[in-house]
Amino acid sequence: MDLTYTEDEEVFRGQLKAWLAKVLPALPPAPDPLDWPGRRAYDTAWQRMLYEAGYAGLHWPADAGGGGATPTQHLIFLEETERAGAPYVGANFVGLLHAGPTIAAEGTAEQRARWLPPVLRGDEVWCQGFSEPGAGSDLASLRTRAVRDGDHYVVSGSKIWTSHAEVADWCELLVRTEPVSDAVPKHRGITWLAMRMDAPGVIVRPLRTLAGSTEFAEMFLDDVRIPVTDRVGAENDGWRVTMVTLSFERGTAFVGEVVACRRTLGELARTARDNGRWDADPALRRRLGRLGAEFAALWRLTQWNVSESQGGGSGADGSGGGFGVPGIGGSVFKLRYSQARQELYEAAGEVLGPDALDLAHPWNQDRLSSLSYTIAAGTSQIQQNIVAERILGLPKER
């Protein structure tokens, strides 16, 4: 992989920076972090601006509604928007980073035409209905049941940690369409469905996190009818489709966050100099320096993962090529990034000193949320197994 930038790529960077410098000062103030309807409106308005400027889904293939940009242009876009302090994907991260890419890679032409343009325009927001009270890291143990009834599935069960369910229009939903038996192991008999959140029988109950936010919810499904045409992939092939979703979640969905962490690290160093901790604490200087090297290495790994994900994949009907699926290098990245993010915000606590007890400080909110990163998108133990078995070739865990 060539890590230098061409003349055309630098022209692209310059145009993007000029556009950001023009539009960002005109944005309204961001809403309260706990105001999710307000945040949805703010985030989707920004998404509409990206869409109208030609930057929405920049790296998505043209037949999925995207810009067909190169991996390097995609990374330049992420670098410059983060450096400029532009809004992130926010309330629709599931649609833009998980469900949308999965549909682009696995959906039919009709499904891509139906679901992808509204995601890119910011018209529709998605949430994720994967985990259940008894099926978190062991996701294949899920029990939410879908029974075929003519042209519909009738779905009953419950989900938990459903991101942004209270403001979502659609849910990427995993259901069991065939019971587990001696002939059907638990990884089989799972199906990936798209569910309307306003369908009769859907009940959403927000959950309050340690940081006081309510971006997660538990969701109860009581005989919810979902059209068979809203199934992505074949019936009982949902585990394979889910691995595509999780590959995006672990492989490329954290890209912008790496840039944000590098920016935060610079802010930590400046704050430490201003409050005297930089000169007084050589151990803190060494810690921040090591973290700088750590995130620089993670950024290079990110570049490799994004480049690897390009140039493959086709839809269920063979007509939607070009949206590559990240490889197992995403597990290497996710494993180390989760720990590095926790270490970053532990260092933030040292820099803040007594202010580390002020939960209103954004760094302290991020410090609390960072505790979930070794669990979310597959626990570190799961990632270690994937690396051991699929990269190092070690025997499978019994």
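Criteria and cut-off values
Residues numbered from 1 in each chain as written. Predicted model: local features only at pLDDT ≥ 70, side-chain atom pairs only at ≥ 80, totals over all residues. Heavy atoms only, no water. Helix = DSSP H or I, 4+ residues; strand = E, 2+ residues; numbered from the N terminus. Buried < 20%, exposed > 50% of the residue type's maximum accessible area, 1.4 Å probe, protein only. Contact = heavy atoms within 4.5 Å. Areas by Shrake-Rupley, 256 points an atom, 1.4 Å probe, with all protein chains shown as cover. Salt bridge = Lys/Arg side-chain N within 4 Å of Asp/Glu carboxyl O. Axes fitted to C-alpha atoms, helices over the stretch in contact; angles between N-to-C directions. Parallel < 35°, antiparallel > 145°, perpendicular 65-115°, else oblique. Left-handed = near helix turned anticlockwise from the far one by under 90°. Nonpolar A, V, L, I, M, F, W, Y, C, P; charged D, E, K, R; others polar. pLDDT = per-residue confidence, 0-100. Patch = residues over 30% accessible without salt bridge, like charges linked within 9 Å, V, L, I, M, F, W, Y side chains within 5 Å. Core = buried A, V, L, I, M, F, W, Y, C linked by side-chain atoms within 4.5 Å.

Q: Just checking my understanding: could you explain the overall build of the protein chain for this structure?
A: From N to C terminus, the protein chain includes 12 helices and 8 strands. Counting all 398 residues of the protein chain, 50% fall into the buried class. Pairs at least 24 apart in sequence give 73% of the contacts found in the protein chain among residues at least 6 apart. As presented, the protein chain carries roughly 17900 Å² of accessible surface, and 54% of it is formed by carbon and sulfur atoms.

Q: Quick question: what am I supposed to make of the pattern of salt bridges here?
A: Pairing between side chains of opposite charge can happen when the charged atoms of each approach one another. Taken as a whole, this structure holds 23 salt bridges when the rule is applied. One salt bridge connects Arg225 with Asp149, and the closest N-O pair in it is separated by 3.0 Å. Taken together, the positions of Arg225 in strand 7 (residues 216–227) and Asp149 in strand 2 (residues 145–149) put the pair 76 residues apart, joining distant regions of the chain. Here Glu218 makes a salt bridge to Arg205, at a shortest N to O gap of 3.5 Å. You can see Glu218 sitting in strand 7 and its partner Arg205 sitting in strand 6 (residues 202–207), a full 13 residues away along the chain. Given a relative accessible area of 18%, Glu218 falls into the buried group.

Q: Before we go on, may I ask you to explain the packing of helix 1 (residues 7–23) against helix 2 (residues 36–53) in this structure?
A: Packed helices, taken two at a time, are described by the angle between their axes plus the distance between the axes. Between helix 1 and helix 2, whose axes approach to 13 Å, the crossing angle comes to 140°. By the angle between their axes, helix 1 is oblique relative to helix 2. The handedness of the crossing between helix 1 and helix 2 is right-handed. Where helix 1 approaches helix 2, its residues Trp19, Leu20 and Val23 are matched on the opposing element by Trp46, Met49, Leu50 and Ala53. Classifying every residue of the contact of helix 1 with helix 2 gives 7 nonpolar, no polar and no charged.

Q: Hey, could you run me through unusual backbone geometry in this one?
A: Across residues other than glycine, the phi torsion is negative in most instances, and most of the peptide bonds are trans. The residue Asp223 is not glycine, and still its phi comes out positive at about 50°. Here Asn236, not a glycine, exhibits a phi torsion of approximately 70°, which is positive. One can find Asn236 in the loop between strand 8 (231–232) and helix 6 (238–251). On the accessibility criterion, Asn236 (24% relative accessible area) is partly exposed.

Q: Please clarify how the confidence of the model for the protein chain should be interpreted in this entry.
A: A residue-level look at the protein chain finds 89% of positions with pLDDT of 70 or above and a mean pLDDT of 84. Predicted confidence is poor over residues 311–321, with pLDDT under 50, and the contacts of this stretch with residues over four places away or in other chains come to 35 contacts.

Q: How should a nonpolar patch on the surface be read in this particular structure?
A: A cluster of nonpolar residues, Val332, Ile391, Leu392 and Leu394, forms a patch on the protein surface that exposes about 340 Å² of accessible area. Within the secondary structure, Leu392 is located in the segment after helix 12 (380–391).

Q: Honestly, the environment of Leu394 in this entry has me stumped. Any pointers?
A: One can find Leu394 in the segment after helix 12. Residue contacts for Leu394: discarding those within four places in its chain leaves Ala388 and Glu389.

Q: How should the nonpolar core be read in this particular structure?
A: General note: in soluble globular proteins, nonpolar side chains tend to be found buried as a group. Among the nonpolar cores identified, the biggest contains 44 residues, and Trp19, Trp46, Tyr55, Trp126 and Trp192 are the most heavily contacted of them. A total of 6 residues in this core trace back to one element, the largest contributor, which is helix 4 (residues 93–106).

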